[in-house]
Amino acid sequence: MATVFAEITMSLDGFVAGPNPTLEEPLGHNGERLHEWAFEAAGWREAHGLPGGEANVDSELIEESRATTGAVVMGRKMFSGGSGGWEDDPRASGWWGDDPPFHVPVFVLTSHPREPLAMEGGTTFTFVTDGIEAALARAREAAGERDVLVAGGASAVQQSLAAGQIDELRLHVAPLLLGGGTRLFAEESDPRDLEVTRVVASPKVTHVFLSVS
């Protein structure tokens, strides 16, 4: 049976973005530093059409995730950083140019309907206005026997957990203290049992895999 997993990078003090995000700095102050481990990995660079990078354990885990993922769910902020009507969004086609790195169907949570957006490389963005469970149902159907990735941001992961829709959390914990910003886990979240199933460490990040009860 296909797995629904959430995968996201988090600071040591629990933030997935820094304070004061803007369209120019969508991950907030110092937030981009969370992802330096990925930017340097050959697997991440290949997915984004870039040469070079390090062939290390971080890269292997990126490649492993890509190989098993058949569909992606993400929030509007992760897609474009914008809000409101699409006609006013300066990045209405997303962050990634004509050939986004997903190469599978992507379902974007939004309050503003629009037609699906087909891109190069097999990525089609479908905009879902009726909530996380509807988005995940469509993603499961699109993925078939492959896994569904909830890619972020924090709100999409929180909604998926609250709905009981996540089988596994894959947290990439960066050795960085942001001191503020967007927390991955909301303070009002209900108690939940997790089981650590795998831990992989590298000099730049610790990868923690948790089964969600």
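These numbers come from a predicted model, not from an experiment. (Residues numbered from 1 in each chain as written. Predicted model: local features only at pLDDT ≥ 70, side-chain atom pairs only at ≥ 80, totals over all residues. Heavy atoms only, no water.)

### As for the side chain of Asp147
Right, on to step 1. Relative to the helices and strands, Asp147 is located in strand β7 (residues 147-152).
Right, on to step 2. Although Asp147 is buried, it forms no salt bridge, and the closest oppositely charged side chain is Arg170 at an N-O distance of 4.4 Å.
Right, on to step 3. Engagement of the side chain of Asp147 in a polar contact is seen with the backbone nitrogen of Thr3, the distance being 2.9 Å.
Right, on to step 4. With near-sequence residues (within four places) excluded, Asp147 lies in contact with Ala2, Thr3, Phe5, Thr68, Thr69, Gly70, Ala71 and Arg170. (Helix = DSSP H or I, 4+ residues; strand = E, 2+ residues; numbered from the N terminus. Buried < 20%, exposed > 50% of the residue type's maximum accessible area, 1.4 Å probe, protein only. Lys, Arg positive; Asp, Glu negative; His and termini not counted. Salt bridge = Lys/Arg side-chain N within 4 Å of Asp/Glu carboxyl O. Polar contact = N/O pair within 3.5 Å; in protein donor to acceptor, adjacent residues only side chain to side chain. Contact = heavy atoms within 4.5 Å.)

### Focus on the pairing of strand β10 (residues 194-201)
In the case of a regular strand, side chains alternate between the two sheet surfaces.
Right, on to step 1. Here β10 pairs with strand β11 (residues 206-212) via seven bridges, running antiparallel. Its bridge partner being in β11, Leu194 is matched across the sheet by Val212.
Right, on to step 2. Between β10 and the antiparallel strand that follows it, β11, lie four residues. (Pairing = 2+ DSSP bridges.)

### Remarks on the packing of aromatic side chains
Right, on to step 1. Counted according to the given criterion, the structure contains nine aromatic pairs.
Right, on to step 2. With 6.2 Å between their ring centres and 55° between their planes, Phe79 and Trp96 make a pair best called tilted. Within this pair, whereas Phe79 is found in helix α4 (residues 76-79), its partner Trp96 is found in the loop between α4 and β4 (105-109), the two being separated by 17 residues in sequence.
Right, on to step 3. A ring pair is formed by Phe79 and Phe125, whose centres lie 4.8 Å apart and whose planes are at 70°; its orientation type is edge-to-face. Placement of the pair is Phe79 in helix α4 and Phe125 in strand β6 (residues 124-128), with a sequence separation of 46 residues. Here Phe79 matches Phe125 in class, with each residue buried.
Right, on to step 4. A network of ring pairs unites the aromatic residues Phe79, Trp86, Trp96, Phe102, Phe125 and Phe127 as a single cluster.
Right, on to step 5. The ring of Phe5 carries the charged tip of Arg170 above its face, separated from the ring centre by 3.7 Å.
Right, on to step 6. A cation sits over an aromatic face here: Arg198 above Phe209, 4.8 Å from the ring centre. (Phe/Tyr/Trp six-rings, centres within 6.5 Å; stacked < 30°, edge-to-face > 60°. Lys NZ or Arg CZ within 6 Å of the ring centre and 35° of its normal.)

### Details of the nonpolar core
Right, on to step 1. By size, the foremost hydrophobic cluster in this structure holds 29 residues, and its most contacted members are Val73, Val150, Val157 and Leu184.
Right, on to step 2. Of all the secondary-structure elements, those providing two or more residues to this core are β1 (4-11), β3 (69-75), β4, α5 (132-143), β7, α6 (154-162), β8 (168-174) and β11.
Right, on to step 3. Of all the elements, α5 adds the most residues to this core, at five residues.
Right, on to step 4. Ignoring sequence-local partners within four residues, the contact set of Val73 consists of Phe107, Leu109, Ile132, Ala135, Leu136, Ala139, Val148, Leu149, Val150, Ala151 and Gly152.
Right, on to step 5. Core analysis: the second largest hydrophobic core is formed by 16 residues, Val104, Leu117, Phe125 and Phe127 among them. (Core = buried A, V, L, I, M, F, W, Y, C linked by side-chain atoms within 4.5 Å.)

### Quick look at the pattern of salt bridges
Right, on to step 1. This model, assessed by the stated rule, comprises five salt bridges.
Right, on to step 2. In this structure, Glu40 and Lys204 form a salt bridge, with 3.6 Å as the shortest nitrogen-oxygen distance. Remark: Lys204 occurs in the loop between β10 and β11 and Glu40 occurs in the loop between α1 (36-39) and α2 (42-47); sequence separation between them is 164 residues.
Right, on to step 3. By relative accessible area, which is 28% here, Lys204 ends up partly exposed.
Right, on to step 4. Glu64 is the partner of Arg198 in a salt bridge, and the nearest nitrogen-oxygen pair spans 3.0 Å. Remark: Glu64 occurs in helix α3 (residues 57-68) and Arg198 occurs in strand β10; sequence separation between them is 134 residues.
Right, on to step 5. Through salt bridges that share partners, Glu40, Glu54 and Lys204 make up one connected network.

Any functional reading would require information beyond the geometric quantities listed.
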